[in-house]
Amino acid sequence: MHFITRSGLYLRIAVVDGQGGGIGRHITARLREELPPEVEILALGTNAAATVAMLKAGANEGATGERAIIYNAPRVDAITGSVAILIADAMLGELTPAMAAAIAASPARKFLLPLNKAGVEIIGVVAEPLPHLIDALARRLKAFYEGGTRKDV
């Protein structure tokens, strides 16, 4: 769900994280630095601690739990987090099968970090430190914002 502003496209990005929200906090802070202020960042936490961490890092709004993720996943333009947000029972079981299904089925563009904490290795991806991955993610989302929500951007 995006809106037109004087400067162009208004983008709504969901950052999904769980446990302590550390990765989501870093993603949110970096996106807040890189993207224009009209880009809305929605913190979707599997628990309250994760949501609070992302809100403190600069998210505009936050919601917590399975229902919040299921409800909001189809209502954003982009979803970001680790690849674990697509895996049922990831994050020590905090990410439910229904959450993973809602994120995967969302028409939103997914920008995922290839972290191997969920036991999934993505072949062809070079292992990078988390700060480098988040910088690359921020650059990619900025390009997505500047190019609109076209699927080929």
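Structure shown above.
Conventions used here
- Residues numbered from 1 in each chain as written.
- Predicted model: local features only at pLDDT ≥ 70, side-chain atom pairs only at ≥ 80, totals over all residues.
- Heavy atoms only, no water.
- Core = buried A, V, L, I, M, F, W, Y, C linked by side-chain atoms within 4.5 Å.
- Buried < 20%, exposed > 50% of the residue type's maximum accessible area, 1.4 Å probe, protein only.
- Helix = DSSP H or I, 4+ residues; strand = E, 2+ residues; numbered from the N terminus.
- Contact = heavy atoms within 4.5 Å.
- Pairing = 2+ DSSP bridges.
- Axes fitted to C-alpha atoms, helices over the stretch in contact; angles between N-to-C directions.
- Right-handed = clockwise from strand over helix to strand, strands pointing away.

Peer 1: I'd like a rundown of the nonpolar core, residues and numbers included.
Peer 2: Counting residues in hydrophobic clusters, the biggest one holds 24 residues, and the most contacted among them are Ile-13, Ile-27, Leu-31, Leu-113 and Leu-141. Counting residues per element, the ones that place at least two in this core are β3 (12-17), α1 (22-34), β4 (40-45), α2 (48-56), β7 (109-113) and α5 (130-147). Looking at this core, the element that brings in the most residues is α5, giving 7 residues. Those residues within four positions of Leu-31 in sequence are excluded, and the remaining contacts are Ile-13, Val-15, Ile-41, Thr-80, Ala-138 and Leu-141. Counting 20 residues, the second-largest nonpolar core is a separate cluster that includes Ala-14, Ile-79, Ala-100 and Ala-108.

Peer 1: Tell me about the environment of Gly-93, and name the residues and values.
Peer 2: Within the secondary structure, Gly-93 sits in the loop between β6 (78-82) and α4 (97-105). Each C-alpha atom, one on Gly-93 and one on Ala-63, is 18 Å from the other, the two residues being 30 residues apart in sequence.

Peer 1: Can you lay out the sheet that holds β7 for me, pointing to particular residues and giving the numbers?
Peer 2: Strands belonging to one sheet form pairs held by backbone hydrogen bonds; the direction of such a pair is parallel or antiparallel. Strand order in this open sheet of 5 strands is β5-β4-β3-β6-β7, and the pairing throughout is parallel. Each having just a single partner strand, β5 (61-64) and β7 make up the two edges of the open sheet. Going across the sheet, the axis of each strand differs from the next one's by a mean of 20°, ignoring polarity. Summarising the sheet, β6 and β7 pair through 5 bridges and their orientation is parallel. Its bridge partner lying in β7, Ile-79 is registered against Lys-110. Where α2 meets the sheet, its contacts fall on β3, β4 and β5, and the angle it forms with β4 comes to roughly 160°. Packed on one face of the sheet, α5 meets β3, β6 and β7 and runs near 165° to β7.

Peer 1: How would you summarise the pairing of β4 if you had to cite specific residues and measurements?
Peer 2: Most of β4 sits inside the fold, with 6 of its 6 residues counted as buried. Because side chains alternate across β4, one face comprises the buried residues Glu-40, Leu-42 and Leu-44, and the other comprises Ile-41, Ala-43 and Gly-45, equally buried. As paired elements, β3 and β4 share 6 bridges and run parallel to each other. Opposite Asp-17, over in β4, you have Gly-45 as the bridge partner. On the question of chirality, the crossover connecting β3 to the parallel β4 by way of α1 is right-handed. Judged from the 4 bridges that link them, β4 and β5 form a sheet pairing that is parallel. Across the sheet, the residue bridging to Ala-43 is Gly-62, located in β5. Handedness of the crossover joining β4 and β5 through α2: right-handed.

Geometric descriptors of this kind do not, in isolation, establish any biological role.
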